[in-house]
Amino acid sequence: MQNFSSINMKAGINTIPLGSVPEDTAIALYKAMLRVRMIEEALISEYHPADEIRCPVHFCLGQEAVSAALSFLVKDEDYIFSHHRSHGYYLGKNAPLRALFSELYGRETGANGGKAGSQDISYSDKHFYSGAILSGATSISVGTAFALKYKKLPYAAIAGFGEGATDEGVFWETVNFAALHSLPLLLICENNYYATYSPMSKRMAVENIAQKVGAFGGKNHSVFGNDILSVYMSISNALEEIRSGGGPVFIEVFTYRNNSHVGPEDDSYIGYRSAEEMAFWKANDPIVLIEEKLGADMIARLRPGFEHDIKTEIDDAFKFAKESAFPATSDWQMLNYHPETPLADSLLKEFASGNFNQDQKDHIPGPY
Amino acid sequence: MQNFSSINMKAGINTIPLGSVPEDTAIALYKAMLRVRMIEEALISEYHPADEIRCPVHFCLGQEAVSAALSFLVKDEDYIFSHHRSHGYYLGKNAPLRALFSELYGRETGANGGKAGSQDISYSDKHFYSGAILSGATSISVGTAFALKYKKLPYAAIAGFGEGATDEGVFWETVNFAALHSLPLLLICENNYYATYSPMSKRMAVENIAQKVGAFGGKNHSVFGNDILSVYMSISNALEEIRSGGGPVFIEVFTYRNNSHVGPEDDSYIGYRSAEEMAFWKANDPIVLIEEKLGADMIARLRPGFEHDIKTEIDDAFKFAKESAFPATSDWQMLNYHPETPLADSLLKEFASGNFNQDQKDHIPGPY
Amino acid sequence: MQTQTATTREITYAQAIQEALDQAMGLCDDVIVMGQLVDYKSGIFGTTTGLVEKYGKNRVLDMPVAEAMMTSAAGGAALAGLRPVVVHQRLDFMLYSMDAIVNWISLWYFKSNGESRMPLTIRAITGKGWGQGPQHSKSFHAFFAHIPGLRVAMPSTAFDAKGLLLESILGENPTFIIEGRSLFSMKDEVPEIPYRVRFGEGKIMKSGKDVTLVAIGTFVPLAMRAAFDLLKNGIDVEVIDPRTLSPFDNALVCESVAKTGRLVVVDPGWNFSGFSAEVVAGVVEQVGSVLKANPIRVTLPDSHTPMSMSLESQYYPDEQRLSDTITKLMRQNGL
Amino acid sequence: MQTQTATTREITYAQAIQEALDQAMGLCDDVIVMGQLVDYKSGIFGTTTGLVEKYGKNRVLDMPVAEAMMTSAAGGAALAGLRPVVVHQRLDFMLYSMDAIVNWISLWYFKSNGESRMPLTIRAITGKGWGQGPQHSKSFHAFFAHIPGLRVAMPSTAFDAKGLLLESILGENPTFIIEGRSLFSMKDEVPEIPYRVRFGEGKIMKSGKDVTLVAIGTFVPLAMRAAFDLLKNGIDVEVIDPRTLSPFDNALVCESVAKTGRLVVVDPGWNFSGFSAEVVAGVVEQVGSVLKANPIRVTLPDSHTPMSMSLESQYYPDEQRLSDTITKLMRQNGL
Ligand SMILES: Cc1ncc(C[n+]2csc(CCOP(=O)(O)OP(=O)(O)O)c2C)c(N)n1
Ligand SMILES: Cc1ncc(C[n+]2csc(CCOP(=O)(O)OP(=O)(O)O)c2C)c(N)n1
Ligand SMILES: [Mg+2]
Ligand SMILES: [Mg+2]
């Protein structure tokens, strides 16, 4: 077992003082984190034994900070690309809760009509996309950033992923290309130390992702990810820099996943994380930390109301999902192709081809 | 057009003094480089208009140093994995000239019976392998290095490739794995600045391959690749370190390809390299530089004899190749599979299976 | 085939795989297992559990999430004398390693003119059910079978899973074992000792005279249930499990069709340009003239996999659909 | 199909591609071209020459040798409104991007429930001849056609090359254009203005009554020559070029076979589990009962590509082999 302290050696357990952001911002961030937390907890408790959510779900308890920060910093026109642990990013892009729940329940009112589920969910109206194959969505994001720059739009592409995605070579191709073309791309690496059960030390010769990004020419910052204020400021600064044409920024957010890797069950029987390590992070939980900062009094005043609001919203989303119909049989092929070609229709003529003369020599290439 | 001087900024045009190696070693290295040079020149002049060499060939004029150095430093039990520009590495592994020429001529006496050609040639008896897909052979080499360590053998796996291969993500997966497991792997990157016609500056945000390797945890050195003595010492030290269990070493060899990217034709009409740049490198040609060091007198004494020996060998190889038969038709399928299973035969029994009970429930997975 | 008797017991498909790995590692020091999470208690759905305790970290290697390098490395290790078994929790993840598989491993033996080889085994699991969705449920057996130089097995029973895996690990060619996750808990009689199932030898799972039903991988149990159901209605189906797709026992299928005059293929892959097309083409090229009715393919629709359970149940064909298809086919000839 | 007349002239297949790119970029600012070396004078065998001078570096992008990222990036750019054309000098190089293609691009539309799409075009060139060898000559049309969500074209003439490329670039689905390098210097009558060739519409290249010959890609000229040769011996071959493999004009082929009663497929891919199997299966499923003889596939052998010219000439089927095959087929029925 690795010494858990190494997890946050680089960022330290540094937090920044409450005064760094306006008080109402801090409170709003707190509420946003609480919302993600309560949503995930509600889904976990509804999962079994009901077994109506029938897809793999990767919950994000303990990793609510990035989601909360993003929800106040993204514009509708920005794009977010998420990995498998998608709910935080979905909510961070301010996509609707009903469509999330309904998707998890496989209903036709779901964000994707029940086609995608938790690990592949998207919400196009808000430019939110996800997918389960590590680094895949991140590599796609670089092309979106290219398009934004090409079209001279003041928006950003944002990719959120775990440190595991940086094991994939294509991730480094992506960093290089973003830096080479100075693209408006924000890369957020939530380093929770593990890919499933495997700690960084079993996968990486050096645990210095931000430095590697630096060697590839990318600006990079590290931040203690359980301090919502640090995360907020860091993302805020990065987005400002990106929007003003400064090129890509990589933020390594050191955090911890409190729940199992996947599903509502406890995976601690596998023994990949020590009780000590888990306790340490529980004590440094992002919600605990911000509550400490805001002070017991304020929390006692605010939390019941927040909880009530959120619970009402969650109950509504469950009701909506469960009452929605299942999708019906379909013309399978047509689900996979867009049938119309409006642009081609407007720009291209139609001709019959003449007779091809087959009595010509084939081409034999030269030395290459 | 990039300023050509940037090509060797990192290593400088540094050469080390003649006295750094025994004189006969220097002379042997000189002869080995001359041999590679004359072989490549002979192949170029035989290519057109004869058109009997019918495969893409990437010649290595100007890049003879690595080949010459390796030929004195590798053991038969070491493995070399080369990219498409293979002849230098083939000769560096001391594989026979006849089998090379015969392979290029597509004859049955070729190293691979005419199946492979220049860019895919291998010579198993000497553990030499190559292939045209960038970074592919390099990624394979890391597994061979693993096997050598696993079997506790004091040998090295060596991969030779251009700086273009480092554009591929899998290259970085490979560096990481080699460093993670401290494998006996020598990575030789012949940085000739171009991938085909494309200079580094169009492909990489930062031109610092060795530093990137460092960030991934790999030991790394840079060397001026047209000074055969520097190259020799550098590879010699690296192999010593690797054989004594020191883990992987990466050497960036700054050099220049004098010929076209591929084939015997001149590709300068494309205008991707300035005349000035080419002249600079001609003046710093590895053979010119060592001749300067050895001195005009010695060269006048040695060169005619060397040329005679080499020419005789080349003539013989051409004769051998041209007189060899073409391969005959084959049972195509059997060319692709090894037909025998000696180990399975000796270890496994044969049984008829019973009746499977199909009236069992299929497994429905849970949340993952 | 000279066969023997042996002590057998009922074990699951997952246990049979685990046993094959264990025995291969015991028999030959060159066998190593590479894959993400192969050395944890959960052990890739139980198939690698216990191996690290017995054979150590050097032989049971947790890997970075870097499938391309992993596969290339397995090739390089095989070249130097090891016999690696690469494990993918989902076949979909393997797509990152397609260059290594197709451009290098599959053609290594060929381009070395038979002088060098890479005996390695790639185990890839195809997910099914519980909303696996489009990135966790694909099966490219049609593609892998298309590529010269690769061998491809799709065992449907615990017996075949063990025998084919051992044959592959101790054989001399790069081999794919595509495992259906829905089979993992199914039991079969499996000999205790190490044994082989040869590539290219299909198996008649149930003999019959009316129609030849070629069933692949996860669809074999379903095909068998449909066949026994149809027997009640007087339709006698011959069920053939080819067990390996490359090489493929086309002779066995043709012989059967020569007898029955009818062919149905049930394949857990997409229809268009899928493996079921090869089965049909291979038959009609040889014995097309004996057919009493046009052959039929029962497959997944030409669509990616939906998540919702209501769509999943329509996406995957079931016994009923298969039985109905066969019944209709028989009626064509007035039966 | 409402057709029109237009000014045409003879240009080569390579020029037709270049013209399609040029016109697409002229018609629509969202069109960009991405690929290694697309901005050099040599211009990917002449197919991208002149574009950078006309449209600039921002629209004609030389790329790092990083095919995986390139393809993903094209997807991301398409998502945000661009219409990228990705160019691979060899199809083989594309294998590094298989994850992007299969796990992302092909299923993007599906998994977004039709709300989001990636209109992009991937041009991949299959090498042939002059010892290209096993890493420079592969063609995976069978595989790409197998994958839902992708469209696949294999134009055999300059006319189709231009029309299909324009249709693809200005269409709404991710599309593969697999180009045979041996066709690049062949000429055809090509209209000057931008026009479309629709996907899923095969073409009868020569009508005939005795046998249906489905010919794909680089084998179309060869099929045509064989057909005209056979006419001298009184065998009247109908040659169909499907032009696109996905969607595939199965109806056209079935109609033809219904007339001729005989089917031969000539496909520049490997035989086993190849696209030719789909053509055969698609026909026999529908109209198998009309066949007067078993269908035949003429393909590459199930082997990787050898370098030596003496082996190459045996590896690739020629007119003679095709003519002989068809002649033998006709003799079976005593003709
Ligand atoms: C290409 C690929 N390989 C393997 C997997 C299986 N897998 C799913 S999640 C996961 C771990 C991801 O770790 P990380 O990226 O750090 O994200 P986290 O789960 O910790 O949030 C793995 C290996 C996958 N989804 N994609
Ligand atoms: C995966 C892949 N993409 C593209 C190519 C085409 N290609 C052949 S050689 C080459 C340039 C190689 O440059 P570098 O690696 O620096 O080696 P050099 O030719 O300079 O010796 C390219 C891009 C290839 N062989 N493989
Ligand atoms: Mg993680
Ligand atoms: Mg280079």
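Conventions adopted
Residues numbered from 1 in each chain as written. Chains lettered and ligands numbered in written order. Predicted model: local features only at pLDDT ≥ 70, side-chain atom pairs only at ≥ 80, totals over all residues. Heavy atoms only, no water. Least-squares fit on C-alpha atoms with pLDDT ≥ 70 in both. 1 Å grid on protein atoms, 1.4 Å probe; cavity = no way out; pocket = protein on both sides within 12 Å on 5 of 7 lines; lining within 4 Å. Points joined across faces, edges and corners; volume = space filled by probe spheres on them. Helix = DSSP H or I, 4+ residues; strand = E, 2+ residues; numbered from the N terminus. Nonpolar A, V, L, I, M, F, W, Y, C, P; charged D, E, K, R; others polar. Near = heavy atom within 4 Å. Polar contact = N/O pair within 3.5 Å; in protein donor to acceptor, adjacent residues only side chain to side chain. Areas by Shrake-Rupley, 256 points an atom, 1.4 Å probe, with all protein chains shown as cover. Pairing = 2+ DSSP bridges. Axes fitted to C-alpha atoms, helices over the stretch in contact; angles between N-to-C directions. Salt bridge = Lys/Arg side-chain N within 4 Å of Asp/Glu carboxyl O. Buried < 20%, exposed > 50% of the residue type's maximum accessible area, 1.4 Å probe, protein only.

**Considerations on the relation of the copies chain A and chain B**
Step number 1: Each copy superposes on the other: chain A lies on chain B with an RMSD of 0.0 Å after a rotation of 180 degrees and an axial shift of 0.0 Å. Each copy turns onto its partner about a two-fold axis. Closest approach to the rotation axis within chain A is made by the C-alpha atom of A:Gly169, at a distance of 1.8 Å.

**Digging into the layout of surface pockets**
Step number 1: The calculated volume of the largest pocket comes to roughly 620 Å³.
Step number 2: Every residue lining the largest pocket is counted, 35 residues in all, and those nearest its centre are B:Gln333, C:Arg151, C:Ser246, C:Pro247 and C:Phe248.
Step number 3: Where the lining of the largest pocket is concerned, the elements lending two or more residues are helix H6 (141–146), helix H7 (158–169), strand E13 (244–246) and helix H10 (275–287) of chain C together with strand E15 (296–300) of chain D.
Step number 4: Among the elements that line the lining of the largest pocket, the one with the most residues is H10(C), at four residues.
Step number 5: Class assignment of the residues belonging to the lining of the largest pocket gives a composition of twelve nonpolar, 14 polar and nine charged.

**Some words on the site of ligand 2**
Step number 1: Taken together, 21 residues sit near ligand 2, with B:His84, B:Arg85, B:Ala132, B:Asn192 and D:Glu67 positioned nearest.
Step number 2: Ligand 2 sits at a junction of chains, with neighbouring residues supplied by chains B and D.
Step number 3: Between an oxygen atom of ligand 2 and a side-chain N or O atom of B:Arg85, the distance comes to 2.7 Å.
Step number 4: Compared with its free state, where it exposes 580 Å², ligand 2 has 98% of that area covered by protein.
Step number 5: The residue makeup of the shell around ligand 2, split by class, is nine nonpolar, eight polar and four charged.

**Regarding the sheet that holds strand E3 (residues 157–162) of chain A**
All names here are of chain A.
Step number 1: In space, the six strands of this open sheet follow the order E2-E1-E3-E4-E8-E7, with parallel pairing throughout. The strands lining the two open edges of the sheet, one partner per strand, are strand E2 (128–130) and strand E7 (219–224). Here the average twist between neighbouring strands, direction ignored, is 15 degrees.
Step number 2: Alignment of E7 against strand E8 (residues 249–254), held across six bridges, turns out to be parallel. Looking across to E8, one finds that Val223 is bridged to Val253.

**Description of the pattern of salt bridges**
Step number 1: Inspection of every chain in the model, using the stated rule, returns 86 salt bridges over all chains.
Step number 2: A salt bridge links C:Asp160 to C:Arg243, with the shortest nitrogen-to-oxygen separation between them at 2.9 Å. Of the two residues, C:Asp160 is situated in helix H7 and C:Arg243 in the loop between strand E12 (237–241) and E13; the sequence distance between them amounts to 83 residues. Each of the two residues, C:Asp160 as well as C:Arg243, counts as buried.
Step number 3: For the salt bridge of D:Lys206 with D:Asp236, the shortest nitrogen-to-oxygen distance reads 2.8 Å. Of this pair, D:Lys206 sits in strand E10 (residues 203–206) while D:Asp236 sits in the loop between helix H8 (219–232) and strand E12 (237–241), placing them 30 residues apart in sequence.

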